[in-house]
Every structure is written in C-alpha cells, then in structure tokens.
Amino acid sequence: MPRRFAVPRPSYWGAILAFLFTGSSSATAQQSLLGFSPSGSVEERAIEQRFDASLRADNLKEWMRRLSLHPHHVGSRYDHDNAEFIAAQFRSWGFDTHVERFDVLFPTPKVRLLEMTAPSHFRARINEPRLAADSTSGDRRDMLPPYNAYSCDGDVSGELVYVNYGVPDDYKALEARGVDVKGKVVIARYGGSWRGIKPKVAAEHGAVGCLIYSDPRDDGYFQGQTYPDGPYRSRLGAQRGSVVDMPVYPGDPLTPGIGATKDAKRLALKDVHTLTKIPTLPISYSDALPLLAALTGPVAPEPWRGALPVTYRLGPGPGTVHLKLAFNWNMSPVFDVISRLTGSAYPDEWVLRGNHHDAWVFGAADPISGTVALMEEARAVGELARAGSRPKRTMIYAVWDGEEPGLIGSTEWVETHADELDRNAVIYVNSDSNGRGYLSAGGSHTLQRLVDGVAHDVRDPEKGVSIAERARANRLINGSAEVKKETKASGEFPLTALGSGSDYSAFLQHLGIPALDVSFGGESPGGSYHSIYDSFDWYTRFGDPDFRYGLALAQTTGRLMLRAANADVLPWRFTPLADTVDKYAKEITKLRDTMSEETGDQSLYLKDRLYELTYNPAEVHAPPKGEVEVPALDFGPLTKAAAHLKASAKTADAALVTLEKLGYALPAERLRAIDDQIMRTERAMLRAEGLPRRPWYRHQIYAPGYYTGYGVKTLPGVREAIEERLWAEASAEIPLVAATIDAVATQIDRVAELAK
C-alpha cells in the first residue's frame, strides 16, 4: 500500500546540499553507536560493513521476476507457491522456517455490472486490456478483475452525484449547495483518504451505491505520459482494493481479536461490523467519463475539478446508473512465512521484521519490491551468522499473506501469538512497497534516535550523501512552511506517527510493540498501483530499474535490525517521545478553540454515526435544539501528565548516557532487566478497554482515524471526541489519556532506576 511523494526540482540541489553539509549532524562522527559500548560499536560497524558487502542487486531482480510471474492474490495457487518458495530460500540461509496457515473470509466477484440507463445508455467495461509492451497483462482466468473486496452484494439504481473525494467535509460542501445524496449513487475520485472511507461516509448520508474512479489529475495523464509509453495510469487502468472498515478492526472480519485458526469461533456474516453497507465498485477514468458528462446541477467547486474533458458538475442526475454486484463469500487460506534465527545471548528477546507477499494481481511494486529487499537482507544476515556473527537477540523474519484485503496474515498471527509476543517482542520493523527517491520512516518515537543514527550512516545510491541528508533536502524544498521551519531547527531525521495501511498495525496498536515502517519513494510514480500493470515490466522500466533503492532499503532496515539485535542495551531514547507527546497535548488544547458552534440536530447526527458501530450500543441522548455552546474542557490533567513524562524522560536518558559512557559495565542480568523495562514502555501506552467504539485499537498515543483510515490520529481518544463534538466523551477521555501518559512516565522511571 504505497505512499506518494513530491519530487524536488533539480535546480535546487546544489544550494540545498551545500547547506546540509555545513548544517546537519552526523551519526558517523560519534564514537559509539546508540546502545553499544565503544568496543561494541567498533565490532558492530565491522559487521555492518560485511553485511553491505554481501548484498546483491541481481538477487532482488530475479526474485521479483519469479514472484510476480503469475497473479498471487489470497487463495490463488501461486500465492501458496510463492509462500513455499520464500520459505525454501530462508531455510537455505540457515533460518528455522515454517509456513503458518489461517483460514479467513475473502470474497471474490461473481457479478459486476455497471451501466448508465439515462439520459443515454452506456455499459462500463470494468476490465483492463492486454498491452503488447507488458508481457504478463491480459484477460486471464487466474486473475481478479477490478473490484472492491468486502463490498456488500447489491442491485441498486439511482441518479448519480459527484462527491469529489467522498470525505466528510465534501458532504458538508454538498449540503451547503443543496445537494442531497439520499437514495442516489455517488461517484468519488480516489485520493483524499483511504478508499474504505468513501462508501462508509456515503452510506451514512443515505447513498445506495458508490463508484470510485482514478481521476487523471491525481493519477493519470495530467501527471505525465501514461503506460506503456510512460509510468502513469492509463485510461483503462483501475485501482482494486479493500473497503473493509479497518479503522474498527483489521484482519479477518469473522474473528475480531482472535486468530483465525481452524477451531476459532467465527461470527456469522450478518454480524460482521466491517463490511460496507452499500455496493461499491472501482472503475477507470475511461468508464467514469461518460457518467460525469451526464451530470447537470451546480458546477463543482474549483478544487473538485479533475482533468477529464468535461465540466465537472455535482448532479444529481440526470445521469442514472444501475449497479449490480454479487460475490463468492468464500473462506480462503493465507500462508505466513515465519523464519527464526535464535539469538546467542538473549534468545527470549525477539527482534521482528516483516513485509507481505500477496498482491491484487502481479504486485511487482506492491509488495514485491519491498519483499525482495527483505529477502536479501535476511540472506545477508544468515551469511553473517554462518560466519560466526550470530545476533545476540533472536531475529524473526515474517513474510505475510493477506495484507491487501485488510492486514489479515499479520493480524491473525499477532492475535494467535499475543501472549508470547507480549513477553518477548522487542521491536517490529515493517516495509511494504519500495522505489527510487527519499527515505520515509514512521513509528514509535522512542525509536527516533535509532532511526536517525541509521539514516546518517546509509548513503543515497544516486546522490552519494546520506539518506538523512537527501530526505532533509526534500523537506526543505517541498515541505510546508511548518515542515521547513522544523527541518531547519533540527538536524535529526524525523519520524512520522503511524496510522494504518500496512502490517505494523497489530504489533503497535493492538499489542504495544514498538514499530517502524520504512520505505524509499518519491521518484518512482505510482501509476500502476493495484492494477494488472503493476508488473515486472513496469517496475524494471519505471520503479527502480537497477534495484539500487532496493539495496538501500536492505541496508537501512538491516542496520535497524542488527543494532536492535546486537546492542548491549536496547537503543531506545525517551526524550523524543516526551517532546512529541507534549506537542500533541498542546495541539489538543488548541483544538477545542477552533471548533465552531453547530446546531443540536447536527451534533446528534455526528453522535449517531459514531455509535452505529458500537459493539454494545448505548442510548444516544439528543442535545438541546438550537445553537450548542462549545463547552470548556479541563486540559489540566493532560498538561500535567505531559510535563511528568518530559521530566521522567530526561532523567532516564541521562542515566542511559552515563551507562553508555561506562561501557555498560553491569552484570548481564541487570542489563537484561533494563531491556525488559524498556520493552514495557510501549506496552504502558495501551488501555485494555481500547478506544471508544473500537476496542481492538488499544494504543492511546497513535491510531488510524475513524474517518481517515490510513491517516493517523494522535491522542485519538481525546482528539476525535473533540472533532466530533462529543463533549461528554472528551471530558471523560482527557483524564484517561492523562493517566496513560502518567503510566508511561512511571515505566520510564523504572528504566532510570535500573540504569543508575
């Protein structure tokens, strides 16, 4: 599930890089690596040099060719073949490897019909043609056509309404223009949010069907030459994808909170909360054009207008469409490849790494570009172990299945092994798609300094500067005014907060295991995303043709893994976390003041739509009619807790620095005890009750937004209550979140006491 990046203008590079060389800090100038004694640092750097020297780009290319040769969606023959092939490679590299199976709900389409019935007739193609320049494309019986997984069945007709990106603010704009979608079919363009939000919000507003298309302004010829002449989405390319309501819970829809093992107790399909309420279908911009051309009504606001050769109007109608969808609601197997290299000193401390292997069709970019980098990283780690450099902590490499439908393979594995992961897991390092460009990393802010050190040590394969310096240049050129200001003020590589969209969610947000998500991108376009043209031919022309950034990913995540596995004490620092939480708390205190007053009817509507998915629905009380005063909120507990966390973090980091200067001269049992308390820090950020209306998400600092999907909400219990004007809930959540932050501070105090 790749992300898109802006591409810097080449004319700026000289000035920016000159600034960087004189103004940035460098981890390579430090005598010791974070968490290592001086002698341990020397040994670790030597290990990393041997690791780099053993990496081979040809391996990535040949594995991609093999893994992307046939469609390999969940339940397909080649999906299982790929899992067994990957497992065989890991065994040959010295890993103890097995393939773990789960059985999950995975619908596939059996009826797909979209036609315009008025004012003229048009039947949508909703298929992608074979291209002579793309050797694996074509209409194949083993290939899934364009569809949205976990759309409900449906046979609906209605006037069409254009809703821009189909996010909540777009419906406010429609309402202001007198456009009602009740009983209508909406058409939304991809972008602006995760795709699953679009049918979710459309249904809440009374729509009976949802179409999602790729507008060429965002994803097509407006960006550049289209495939096969260039990398961008062609007029008949369509973006498949899941629309399961992952902000409620990811994984198998039938087994929330438990692993989808053979004997698991499963929900009946009628009781599943995460399926769409209306039929939903993705289409190409070629299929969208006649539909949009048939709309009258108000002209769409200027920001809503795409690049198709029509006047963008809102409707409703007179274009009327008939949408008929039916699915095979089958159970399918998913196959996770789990490989273990037992640690020499601390075998019960697990350093985990993952990427997924399933795809919607051929999946060369998404996910194979990241999978082959993980495989080469693991091969080199295995080679080090055979040569005598076995890691101190156990390293576990996982190649997940079922990520595309909804993070299924990773979630089911985490839920199945939750108790042992809680005891043993130190860190989870994730990647997904990869391409040419700039380092991107998000994750737990206790890992900020670890990532910064690695980012300053790895060199960019095109520019020769560190990947931290190149990413810094990109932020200074393309970042917002705030990002530019923050970048100039700090020499550290910044971590973003994680929402959702890849396999870290279950580790971080359900179990409280510190997690990172790492990739390169920004100079490899995303025009093949989730189409049949995400192929070996596309990737080796436009993605990362020589696989240099695949090797850069292996170097980056390999160092993260090796340093976490080999450090004398886990290389975490707490001040970046405390500073970040303090920033979030200040944002929250300002948020209430930005909220405008709304009528009681609107507040009731907002409350109703959130309570719809409550597992044990509570009575909803209507606020008084008329204007609702925005109440005062007592943020004192939150402010006090953030200050407590900052003080504790400062003390603990000082103790860890002193311990490092002393060369970690403590008994092994004491160092192990420090590790254990460091591991518990992220666990302290959980609440057993989880977030309101979605108890699966237990992390109180980071969560995917209820109406953003992939996009993160920080301090989500308080932030989303304020955004939705649930004032009583906001008042209740503030002390609960403050208590969680206090618990984190107390846990950090334990680290400080042991490190003294």
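Look up: the structure comes first, before these words.
What you see is a predicted model, and the numbers here were worked out from it, not measured in a lab.

Undergrad: How do you make sense of the overall build of the protein when you look at a structure like this?
TA: The number of helices and strands found in the protein is 24 helices and 16 strands. Since a compact globule built from 756 residues should have a radius of gyration of about 27 Å, the 26 Å found for the protein is in line with a globular shape. Expressed as lengths along the three principal axes of its C-alpha atoms, the size of the protein is roughly 80 × 65 × 60 Å. Evaluated residue by residue, the protein yields a buried proportion of 63% over its 756 residues. As displayed, the protein has an accessible area near 26400 Å², and 52% of this comes from carbon and sulfur atoms.

Undergrad: Even after reading the chapter, I still don't get the packing of aromatic side chains, so can you show me in this structure?
TA: Think of a pair of aromatic rings as described by two things: how far the centres are apart, and how the planes are tilted against each other in angle. In the structure shown here, the tally under the stated rule is 25 aromatic pairs. Seen from their ring centres, Tyr539 and Phe547 are 5.8 Å apart, and the 45° between their planes marks the pair as tilted. For Tyr539, a relative accessible area of 2% gives the class buried. Note on Trp696 and Tyr697: the rings are 4.8 Å apart at their centroids and 75° apart in plane angle, and the pair reads as edge-to-face. When its relative accessible area of 5% is taken as the criterion, Trp696 is described as buried. Three or more aromatic residues joined by ring pairs form one cluster here, namely Tyr227, Tyr533, Trp538, Tyr539, Phe542 and Phe547. Lying over the aromatic face of Phe85, Arg66 brings its terminal NZ or CZ to 4.5 Å of the ring centre. Against the face of Tyr707 rests Lys200, its NZ or CZ located 5.2 Å from the ring centre.

Undergrad: Can you walk me through the pattern of salt bridges in this structure?
TA: Side-chain pairing between opposite charges can occur once the charged atoms of the two side chains come close. Tallied over the entire structure, the rule returns 42 salt bridges. The salt bridge involving Arg379 is made with Glu383; its shortest N-O contact spans 3.1 Å. Of this pair, Arg379 and Glu383 both sit in helix H9 (residues 364-386), four residues apart, which is roughly one turn of the helix.

Undergrad: Got a minute to help me understand the pairing of strand E5 (residues 185-189) in this structure?
TA: The element E5 is extensively covered by neighbouring structure, given that five of its five residues are classed as buried. Here E5 shows two buried faces, one formed by Val185, Ile187 and Arg189 and the other by Val186 and Ala188. With three bridges connecting them, strand E4 (residues 154-162) and E5 associate as parallel partners. Residue pairing for E5: Val161 is matched across the bridge by Val186. Direction of pairing for E5 relative to strand E6 (residues 209-213): parallel, over a ladder of five bridges. Looking at the pairing, Val185 lines up with Gly209 of E6. Note that the unit made of E5, helix H6 (residues 197-204) and E6 has a crossover that is right-handed.

Undergrad: Can you walk me through the environment of Pro216 in this structure?
TA: In this structure, Pro216 sits in helix H7 (residues 216-219). Overall, Pro216 belongs to the buried group, its relative accessible area being 0%. Separated by 16 residues in the primary sequence, Pro216 and Tyr232 have C-alpha atoms spaced 9.0 Å apart.

Undergrad: Sorry if this is basic, but what is going on with the environment of Thr371 here?
TA: With respect to the helices, strands and loops of the structure, Thr371 is situated in helix H9. A relative accessible area of 0% means that Thr371 is categorised as buried. A sequence separation of 27 residues divides Thr371 from Ala398, and the C-alpha atoms of the two residues are 10.0 Å apart.

Undergrad: It is not clear to me how the packing of helix H3 (residues 57-67) against H9 should be interpreted in this structure. Could you clarify?
TA: Two elements in contact, H3 and H9, have axes whose closest approach is 9 Å; the angle formed by their N-to-C orientations is 135°. Taken as axis vectors, H3 and H9 run oblique relative to one another. As H3 packs across H9, the resulting crossing turns out to be right-handed. Residues Asn59, Leu60, Trp63, Met64 and Leu67 of H3 form the contact with H9, whose own contacting residues are Ala364, Ile368, Ser369, Val372, Ala373, Met375, Glu376 and Arg379. Residues that form the contact of H3 with H9 fall into these classes: nine nonpolar, two polar and two charged.

Undergrad: Would you mind going over the packing of helix H22 (residues 668-683) against helix H24 (residues 727-755) with me for this structure?
TA: Between two packed helices, the angle of one axis relative to the other and the distance separating the axes together describe the packing. Closest axis-to-axis distance for the H22/H24 pair is 9 Å, and the angle between their directions is 165°. In terms of axis orientation, H22 runs roughly antiparallel to H24. Pair H22 / H24 crosses with left-handed handedness. Side by side, H22 and H24 meet where Arg670, Ala673, Ile674, Gln677, Ile678, Arg680 and Thr681 of the first sit next to Val744, Gln747, Ile748, Arg750, Val751, Glu753, Leu754 and Ala755 of the second.

Undergrad: Would you take a moment to explain the side chain of Gln239 for this structure?
TA: Mapped onto the elements of the fold, Gln239 is located in the loop between H7 and strand E7 (241-242). Polar contacts involving the side chain of Gln239 include one to the side chain of Arg195, which spans 3.2 Å. Excluding residues that lie within four positions of it along the chain, Gln239 makes contacts with Tyr190, Arg195, Ser214, Asp219, Arg233, Pro282, Tyr529 and His530.

Undergrad: Hey, could you run me through the nonpolar core in this one?
TA: In a soluble, globular protein the nonpolar side chains are often hidden away together inside. In terms of nonpolar packing, the biggest core is built from 219 residues, with Phe90, Tyr162, Ile187, Tyr213, Ile427 and Ile722 touching the most fellow members. Filtering out sequence-adjacent residues up to four positions away, Ile187 remains in contact with Leu160, Val161, Tyr162, Val163, Asn164, Leu211, Tyr213, Ile283, Ala288, Leu291 and Leu292.

Undergrad: Where do I start with the pairing of strand E8 (residues 280-283) in this structure?
TA: Both faces of the sheet carry side chains from a regular strand, because those side chains alternate between them. Side chains Thr280 and Pro282 of E8 all project onto a buried face; the interleaved residues Leu281 and Ile283 project onto the opposite face, where all are buried too. Pairing geometry for E6 and E8, over four bridges, is parallel. Residue pairing across strands places Leu211 opposite Leu281, the latter belonging to E8.

Undergrad: Just checking my understanding: could you explain the environment of Lys586 for this structure?
TA: Examined against the element boundaries, Lys586 turns out to sit in helix H19 (residues 575-594). Distance in space between the C-alpha atoms of Lys586 and Leu60 is 45 Å, their sequence separation being 526 residues. For Lys586, the side chain forms a polar contact with the side chain of Asp582, separated by 2.5 Å.

Undergrad: Any chance you could explain helix H11 (residues 408-416) here in plain terms?
TA: Turn by turn, an α-helix covers 3.6 residues, leaving residues three or four places apart pointing in a common direction. Most of H11 sits out of view: eight of its nine residues are buried. The set of residues buried in H11 consists of Ile408, Gly409, Ser410, Thr411, Glu412, Trp413, Val414 and Glu415.

Undergrad: Even after reading the chapter, I still don't get the state of the cysteines, so can you show me in this structure?
TA: Note: disulfide means a covalent bond formed between the sulfur atoms of two cysteine side chains. Scanning the model with the defined rule gives zero disulfides in all. As a non-bridged cysteine, Cys152 has Cys210 as the owner of its nearest cysteine sulfur, 11 Å distant. Of the residues examined, Cys152 reaches a relative accessible area of 15% and is grouped as buried.

Rules used throughout
- Residues numbered from 1 in each chain as written.
- Predicted model: local features only at pLDDT ≥ 70, side-chain atom pairs only at ≥ 80, totals over all residues.
- Heavy atoms only, no water.
- Helix = DSSP H or I, 4+ residues; strand = E, 2+ residues; numbered from the N terminus.
- Rg over C-alpha atoms; globule rule 2.2 N^0.38 Å.
- Buried < 20%, exposed > 50% of the residue type's maximum accessible area, 1.4 Å probe, protein only.
- Areas by Shrake-Rupley, 256 points an atom, 1.4 Å probe, with all protein chains shown as cover.
- Phe/Tyr/Trp six-rings, centres within 6.5 Å; stacked < 30°, edge-to-face > 60°.
- Lys NZ or Arg CZ within 6 Å of the ring centre and 35° of its normal.
- Salt bridge = Lys/Arg side-chain N within 4 Å of Asp/Glu carboxyl O.
- Pairing = 2+ DSSP bridges.
- Right-handed = clockwise from strand over helix to strand, strands pointing away.
- Axes fitted to C-alpha atoms, helices over the stretch in contact; angles between N-to-C directions.
- Parallel < 35°, antiparallel > 145°, perpendicular 65-115°, else oblique.
- Left-handed = near helix turned anticlockwise from the far one by under 90°.
- Contact = heavy atoms within 4.5 Å.
- Nonpolar A, V, L, I, M, F, W, Y, C, P; charged D, E, K, R; others polar.
- Polar contact = N/O pair within 3.5 Å; in protein donor to acceptor, adjacent residues only side chain to side chain.
- Core = buried A, V, L, I, M, F, W, Y, C linked by side-chain atoms within 4.5 Å.
- Disulfide = S-S within 2.5 Å.

These values are about where atoms sit, not about what they do.
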